[in-house]
Structures are given as C-alpha cells and as structure tokens.
Amino acid sequence: MDYPLRLTFKILAISPQIRVHDARGDLVFFVKQKAFKLREAVTVYADETQTRELATILADRVVDFSASYIFRDATGEPFGALRRRGMKSLWKAHYDIVGPEGQVALHIAEDNALVKFFDGIFRGIPIVNMLSGYVFNPTYSVATEDGRVVFRMLKRPSFLESRFDIEEVIDLPESTEGLVVLSLLMMVLLERARG
C-alpha cells in the first residue's frame with residue numbers, strides 16, 4: 001500500500017460506509033457496516049460495487065464494552081482480532097490488536113485524552129456541537145509492546161464527513177500491515193460518534 005492512506009466516511013449515515021484511498025488516490029478498501037444488527041458486522045471489499053469481498057469483522061458478543069472483533073478472510077478463516085480495553089477506553093480510546101495465534105501483537109491508543117474530554121463537552125452544546133469536527137481532532141498511535149510507534153492515524157478537520165490519514169512509521173510485514181489497517185478501520189467505526 002502507498003501511504004498515507006486517506007480514510008473518509010459520512011457522519012450522518014444509517015449504514016456507515018468507509019472508503020480508503022492510497023497516496024495515488026486509488027481505492028484500497030470499501031467498508032460497509034450492516035445497519036440494525038445487535039452484534040457488530042462489517043464487510044470489507046476491494047471495490048465499491050461490493051463484488052470482491054476481502055474480509056469480515058464480527059463482534060464476539062452483543063454488549064461491546066470489552067468486546068473482541070474477529071477478522072476473517074474471504075474464505076472464513078480467522079486471522080486476527082481487535083479487542084477494546086473496557087475501563088481503560090473510558091478516559092481515552094485504547095485497543096489491543098490480536099495476532100492470528102491469539103497473542104496481543106500491538107496496541108492502539110489515543111495520544112491525548114483531553115481531546116476526547118473537551119470533545120464530549122463541546123458536543124453537549126446545541127448547534128455549536130456541529131463544529132466539533134473542525135475543533136477536536138484526535139491522533140491515534142499503534143505501538144509495539146515496548147512502546148515503538150509503528151503506525152499513526154490523524155483526524156483531519158471536516159464538517160459532514162470524517163477524514164483520517166493513516167501513516168506508516170515503521171515498515172511492517174504485509175500481513176501485519178493489513179491487520180493494523182483493518183484494526184484502525186474498525187476502531188474508527190466504534191469511535192465515530194465523536195465526529
């Protein structure tokens with residue numbers, strides 16, 4: 001993949017759809033979340049016509065406070081997961097990326113907890129809350145167990161659409177790189193209520 005990747009989605013959509021383009025502007029992923037499901041169900045396609053399914057992401061439970069989101073390839077084989085850290089995610093977003101063997105491979109964490117705090121306050125103010133997408137723009141880091149940042153995702157100012165840039169900091173194997181990008185996509189779907 002040619003970085004940075006640009007991730008975009010409409011904020012006010014019933015069934016969220018994310019488009020991921022590479023640095024050349026080519027579509028890399030088209031992500032569609034199924035609406036009105038008790039358990040999160042997301043399908044990742046290679047094209048907007050949804051003819052080439054690449055992966056599915058399914059929650060392991062209905063209540064998602066500390067849920068795991070299992071990644072399966074087009075044949076149905078699991079190849080990793082994203083696990084939300086329940087209590088730790090209250091103050092700032094924190095997720096674990098689980099590898100194919102079930103071990104925690106990497107961590108995703110929001111860099112500045114104050115952005116989440118002030119965004120929550122700002123969103124409580126009628127009419128003014130529509131501008132929070134311009135004012136509060138979180139940054140997320142993907143790091144190894146020893147704290148080395150390997151990927152970074154930055155939210156860009158926007159109004160009715162959310163835009164994120166995904167940057168690769170350290171070159172990773174292709175399989176790990178795909179797992180990280182899918183984890184960031186799922187995290188964006190889970191955190192999208194914040195604008």
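Described in the following lines is the structure provided in the data block. (Residues numbered from 1 in each chain as written. Predicted model: local features only at pLDDT ≥ 70, side-chain atom pairs only at ≥ 80, totals over all residues. Heavy atoms only, no water.)

Judged by side-chain polarity, Leu114, Phe118 and Ile121 come together as a nonpolar surface patch covering roughly 280 Å² of accessible area. Relative accessible area serves as the criterion here: at 44%, Leu114 is assigned to the partly exposed category. (Patch = residues over 30% accessible without salt bridge, like charges linked within 9 Å, V, L, I, M, F, W, Y side chains within 5 Å. Areas by Shrake-Rupley, 256 points an atom, 1.4 Å probe, with all protein chains shown as cover. Salt bridge = Lys/Arg side-chain N within 4 Å of Asp/Glu carboxyl O. Buried < 20%, exposed > 50% of the residue type's maximum accessible area, 1.4 Å probe, protein only.)

With the rule as written, the count across this model stands at 10 salt bridges. Linking Arg24 and Asp26 is a salt bridge whose minimum nitrogen-to-oxygen distance equals 3.2 Å. A relative accessible area of 58% places Arg24 in the exposed class. Arg148 is the partner of Asp146 in a salt bridge, and the nearest nitrogen-oxygen pair spans 3.6 Å. One continuous salt-bridge network, built from bridges that share partners, spans Asp2, Asp22, Arg24 and Asp26.

Attention now moves to the packing of aromatic side chains. Throughout the structure, instances matching the rule amount to two aromatic pairs. With a centroid separation of 5.6 Å and 75° between ring planes, the pair formed by Tyr3 and Phe151 is classed as edge-to-face. Of this pair, Tyr3 sits in the segment before strand E1 (5-10) while Phe151 sits in strand E11 (residues 149-156); the two residues are 148 residues apart in sequence, bridging distant segments of the chain. (Phe/Tyr/Trp six-rings, centres within 6.5 Å; stacked < 30°, edge-to-face > 60°. Helix = DSSP H or I, 4+ residues; strand = E, 2+ residues; numbered from the N terminus.)

Moving on, we get to the nonpolar core. What tends to happen in soluble globular proteins is that the nonpolar side chains get buried as a cluster. Counting 42 residues, the largest nonpolar core has Leu7, Ile18, Leu82, Ile108, Val142, Phe151 and Leu185 as its most contacted members. Other than its neighbours up to four places away in sequence, Leu82 contacts Ala67, Ser68, Tyr69, Phe71, Tyr95, Asp96, Ile97, Ile108, Ser183, Met186 and Met187. (Core = buried A, V, L, I, M, F, W, Y, C linked by side-chain atoms within 4.5 Å. Contact = heavy atoms within 4.5 Å.)

Now for the sheet that holds E1. Read around the closed barrel, 12 strands run E1-E2-E3-E4-E5-E6-E7-E8-E9-E10-E11-E12, paired in antiparallel fashion. Taking the axes of each pair of neighbouring strands and ignoring which way they run, one obtains an average angle of 20° across the sheet. Across four bridges, E1 lies against strand E2 (residues 17-21) in antiparallel orientation. Within E2, the residue paired with Leu7 across the bridge is Val20. With respect to the sheet, helix H4 (residues 174-191) is in contact with E1, E2, strand E3 (27-33), strand E4 (41-45), strand E5 (53-59), strand E6 (68-73), strand E7 (78-84), strand E8 (94-98), strand E9 (104-110), strand E10 (139-143), E11 and strand E12 (161-168), its orientation differing from that of E7 by roughly 40°. (Pairing = 2+ DSSP bridges. Axes fitted to C-alpha atoms, helices over the stretch in contact; angles between N-to-C directions.)

Attention shifts here to the environment of Ala143. Following the sequence through the fold, Ala143 ends up in strand E10. The sequence separation of Ala143 and Asp96 amounts to 47 residues, and the corresponding C-alpha distance is 9.8 Å. Setting aside its immediate chain neighbours within four residues, Ala143 contacts Leu106, His107, Arg148, Val149 and Val150.

Here we come to unusual backbone geometry. Here the amide bond leading from Tyr3 into Pro4 is cis, since omega sits at 5°, within 30 degrees of zero. Here Pro4 is to be found in the segment before E1. The phi dihedral of Gln50 falls on the positive side, at around 60°, and the residue is not glycine. Here Gln50 lies in the loop between E4 and E5.

Our focus in this paragraph is the pairing of E12. Pairing of E1 with E12, which is carried by six bridges, proceeds in the antiparallel orientation. Paired with Lys10 across the two strands is Glu161, which belongs to E12. Pairing of E11 with E12, which is carried by six bridges, proceeds in the antiparallel orientation. What sits directly across from Phe151, in E12, is Glu168.

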